[in-house]
Amino acid sequence: MFENVIAAIREYNRIIIHRHKNPDGDALGSQLGLAGILKENFPKKEILSVGDTSARYAFMGYTPDEVADEAYKGALAFILDTSASALIADERYKLADKTVRIDHHIFCEEIAEIEVTDTSYESCCGLITAFAMECGLKVPAPAAKALYTGMITDSGRFRYDSVSPQTFRCAAFLMEQGFRTDDIYRNLYADDFSFIQLRAKYVLKIQLTDCNVAYIYTTKEEAASYGADDFTLSRGMVNVMGEIRGIDIWVNFTETDEGVLCEIRSSLYNINPVAKKYGGGGHAKASGATLKDREEAMALLEDLKAIGGANQ
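Residues numbered from 1 in each chain as written. Predicted model: local features only at pLDDT ≥ 70, side-chain atom pairs only at ≥ 80, totals over all residues. Heavy atoms only, no water.

**Student:** Help me understand the overall build of the protein chain in this model?
**Tutor:** Secondary structure assignment for the protein chain yields 11 helices and 11 strands. Here the C-alpha atoms of the protein chain give a radius of gyration of 19 Å, agreeing with the 20 Å that 2.2 N^0.38 yields for 312 residues. Expressed as lengths along the three principal axes of its C-alpha atoms, the size of the protein chain is roughly 60 × 40 × 35 Å. Within the span of the protein chain, comprising 312 residues, buried residues form 54% of the whole. A separation threshold of at least 6 residues defines the contact pool for the protein chain, and within that pool the share at least 24 residues apart is 64%. In the structure as shown, the protein chain presents an accessible area of about 14,000 Å², 48% of it carried by carbon and sulfur atoms. Here the protein chain contributes 33 positively and 46 negatively charged side chains, and the mean placements of these two sets differ by 3 Å. (Helix = DSSP H or I, 4+ residues; strand = E, 2+ residues; numbered from the N terminus. Rg over C-alpha atoms; globule rule 2.2 N^0.38 Å. Buried < 20%, exposed > 50% of the residue type's maximum accessible area, 1.4 Å probe, protein only. Contact = heavy atoms within 4.5 Å. Areas by Shrake-Rupley, 256 points an atom, 1.4 Å probe, with all protein chains shown as cover. Lys, Arg positive; Asp, Glu negative; His and termini not counted. Charge placed at Lys NZ, Arg CZ, Asp CG, Glu CD.)

Written out as C-alpha cells, the structure is:
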C-alpha cells in the first residue's frame, strides 16, 4: 500500500509535514510519529513540521519549525489526518514539488499527487504505524509513544467501533518499542479542576430535542468568558452529551473568529453526509464542519433531527 510513499521519501532530501488545523491527539501523534520515523531512518534528510499548536496536547512536545516559503522548492510535503483541503494547517503545501496525503477519514476530495486513504484504520497514527511495519522502518520510542497517543485518542481508549484486530496489532508493535503507557494516560485523563468546572457548565447547557438529538450552542461572548481555547470548547466538550440514554446524535456549536465550529457525533447513525453538505467531513459517526453563522448551525441541526426523527 505504501510503495509510492516510500519511493517519494527516498527521492527528496527535504520533507515538510502538515496535518489539519486545531490539532487533536491523532493529528499531532501522526505528525510527530512520522517525523521521528523519518529522522531515525533517513538521518541525512531534512525533516520539518508545520502547523498550529494545542494547549490540550502540549504534553506531546510538539513545536513547529520555522519554514520559509523558499524551503518548499524541491521539497516533498506530507498531509496527514485531513479529509478536506480547507482543513489543512498552512496552505504552503501547495508550493511543494510533490505531495503525499495519508488519511483515515471518509474521502472528500483529492488533495495530493500520492493518496493513501484507508477508513479501516481507527486513526491516522494507526496508518503511519502500518507504514513503518510494512516498510521495515525503525520506530524510535518517542515516535512510538506519539503514535500510540493518537491511537488512544481517536479510538476512545480502544472503545469505538472503528477498533479492529489490526488496531491491536499496531498497538502491540508500538509498545514493543519501549515507552511507558502510564506517562500518556496521566497526561490525557488527569484534568485541572478548572476544566472539570467547565465541563459542569457545559452539562448545564445541553439542549434536548424530540428527535433523539442533543446540542450545545456557545456564543463568542460566552466562549470568551470561559478562558479556554477553541479546541477545548469545541472538540473537547462535544462528548459531555455522549452518554445520555436515548440520545443517538449530539452536536456542539462554538462561535469563533473563523466561524461556528461544529462537532457532530452519533452512536448509531452515519452523520458524515450532513457534515459534508456544510463543507466539512470526517468519519461516519464523528465529523465536523465550520459554519458561517448561527442560522446555518440551526439548519444543520434540523438535518440531524431529520436523521434522528426518521429512525425513531
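**Student:** Mind showing me how you'd approach helix H3 (residues 124-135) here?
**Tutor:** Count 3.6 residues to each turn of an α-helix, and residues three or four apart come out pointing the same way. For H3, built from 12 residues, the straight-helix expectation of 16 Å at 1.5 Å per residue is met to within 8% by its first-to-last C-alpha distance of 17 Å. Restricting attention to buried positions, one finds in H3 the residues Cys124, Cys125, Gly126, Leu127, Ile128, Thr129, Ala130, Phe131 and Ala132. Buried residues along H3 sit against helix H1 (3-11), helix H2 (25-41), strand S3 (76-80), strand S4 (98-103), helix H4 (141-155) and helix H5 (165-175). Once H3 finishes, Gly136 follows within two positions and takes phi at roughly 65 degrees, a positive value. (Expected span 1.5 Å × (residues − 1).)

**Student:** Would you mind going over helix H7 (residues 193-204) with me for this structure?
**Tutor:** Here H7 is 12 residues long and its end C-alpha atoms lie 17 Å apart, about the 16 Å a rise of 1.5 Å per residue gives. All of the buried residues in H7 are Phe195, Leu198 and Tyr202. Buried residues in H7, looked at end-on, bunch into an arc of 55 degrees, giving them a common side. Exposed side of H7, more than 90 degrees from the buried face: Phe193 and Leu204 are the residues found there. Buried residues along H7 sit in contact with strand S7 (213-218), helix H8 (220-226), helix H9 (230-234) and strand S8 (249-256). (Arc of directions from axis to C-beta.)

As far as function goes, none of this settles anything; it's purely spatial.
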